[in-house]
Amino acid sequence: ENEAPTEDGGACIRFFKRRTHPETLMKDKVNFAVLGLGDTNLLLDRQHTSAKDCNQVAQALDLRLEALGGTRFCDRGESDERSGLTEVEPWIALLAEKIKG
């Protein structure tokens, strides 16, 4: 569920998880930004959850891109379907401001 990528995103996640990639794969080549779209509704066995609990794939991808030498362009965003994804628009606004410079 929340610890597994979506079906469409699986190939991308598997690519970056490869241990054969050199640590310099993305160095001085790639700036990245990650926005996690999670759903704490899927965490039925927990009483208290937040966006951090349902965005493990985004968290892992963000750390992996950095480990491969990528430059984080914008802090990772994490949102939760249960709260109406209210975190998305402010994150997009922040990203747009960074792009504008």
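In what follows, the structure referred to is the one given above.
These remarks concern the structure in this document.

Concerning the pairing of strand S4 (residues 77–80)
Here S4 shows no split at all, with Gly 77 and Ser 79 on one side and Glu 78 and Asp 80 on the other all buried. Examined bridge by bridge, strand S2 (residues 35–38) and S4 share four bridges and lie parallel to one another. The partner of Gly 36 across the bridge, within S4, is Glu 78.

A word on the packing of aromatic side chains
Working definition: an aromatic ring pair is given by the centre-to-centre distance plus the angle between the planes. Overall, the coordinates contain one aromatic pair when judged by the stated rule. A centroid spacing of 5.1 Å and a plane angle of 80° characterise the contact between Phe 15 and Phe 16, whose relative ring orientation is edge-to-face. Owing to a relative accessible area of 17%, Phe 16 belongs among the buried residues under this scheme.

Quick look at the side chain of Arg 64
Along the polypeptide, Arg 64 turns up in helix H2 (residues 56–67). The buried charged residue Arg 64 lacks any salt bridge, with Glu 23 as its nearest oppositely charged partner at 7.1 Å. Engagement of the side chain of Arg 64 in a polar contact is seen with the backbone oxygen of Phe 16, the distance being 2.6 Å. Other than its neighbours up to four places away in sequence, Arg 64 contacts Phe 16, Lys 17, Arg 18, Arg 19 and His 21.

Details of the pattern of salt bridges
According to the stated counting rule, one finds five salt bridges in the structure shown. One salt bridge in this structure joins Glu 66 and Arg 72, with 3.2 Å as the shortest N-O distance. You can call Glu 66 partly exposed: its relative accessible area is 40%. Accessibility expressed as a relative area gives 28% for Arg 72, which makes it partly exposed. For Lys 100, the salt bridge goes to Glu 97, with nearest N and O atoms at 4.0 Å. You can see Lys 100 and its partner Glu 97 sitting in helix H3 (residues 88–100), three residues apart, about one turn around the helix.

A look at the nonpolar core
Listed in full, the 10 residues of the largest apolar core are Ile 13, Phe 16, Met 26, Phe 32, Val 34, Val 57, Ala 58, Leu 61, Leu 65 and Leu 68. Secondary structure elements with two or more residues in this core: helix H1 (10–17) and H2. Among the elements that take part in this core, H2 stands out by supplying four residues, more than any other.

What about the packing of H1 against H2?
The contact between H1 and H2 brings their axes to 10 Å, and the two run at 40°. With respect to H2, the element H1 is oriented oblique. Crossing hand, H1 versus H2: left-handed. Residues Ile 13, Phe 16 and Lys 17 of H1 touch H2, and the partners they reach there are Val 57, Leu 61, Arg 64 and Leu 65. Of the residues in the contact of H1 with H2, the class split is five nonpolar, no polar and two charged.

Basis of the calculations
Residues numbered from 1 in each chain as written. Predicted model: local features only at pLDDT ≥ 70, side-chain atom pairs only at ≥ 80, totals over all residues. Heavy atoms only, no water. Buried < 20%, exposed > 50% of the residue type's maximum accessible area, 1.4 Å probe, protein only. Helix = DSSP H or I, 4+ residues; strand = E, 2+ residues; numbered from the N terminus. Pairing = 2+ DSSP bridges. Phe/Tyr/Trp six-rings, centres within 6.5 Å; stacked < 30°, edge-to-face > 60°. Lys, Arg positive; Asp, Glu negative; His and termini not counted. Salt bridge = Lys/Arg side-chain N within 4 Å of Asp/Glu carboxyl O. Polar contact = N/O pair within 3.5 Å; in protein donor to acceptor, adjacent residues only side chain to side chain. Contact = heavy atoms within 4.5 Å. Core = buried A, V, L, I, M, F, W, Y, C linked by side-chain atoms within 4.5 Å. Axes fitted to C-alpha atoms, helices over the stretch in contact; angles between N-to-C directions. Parallel < 35°, antiparallel > 145°, perpendicular 65-115°, else oblique. Left-handed = near helix turned anticlockwise from the far one by under 90°. Nonpolar A, V, L, I, M, F, W, Y, C, P; charged D, E, K, R; others polar.

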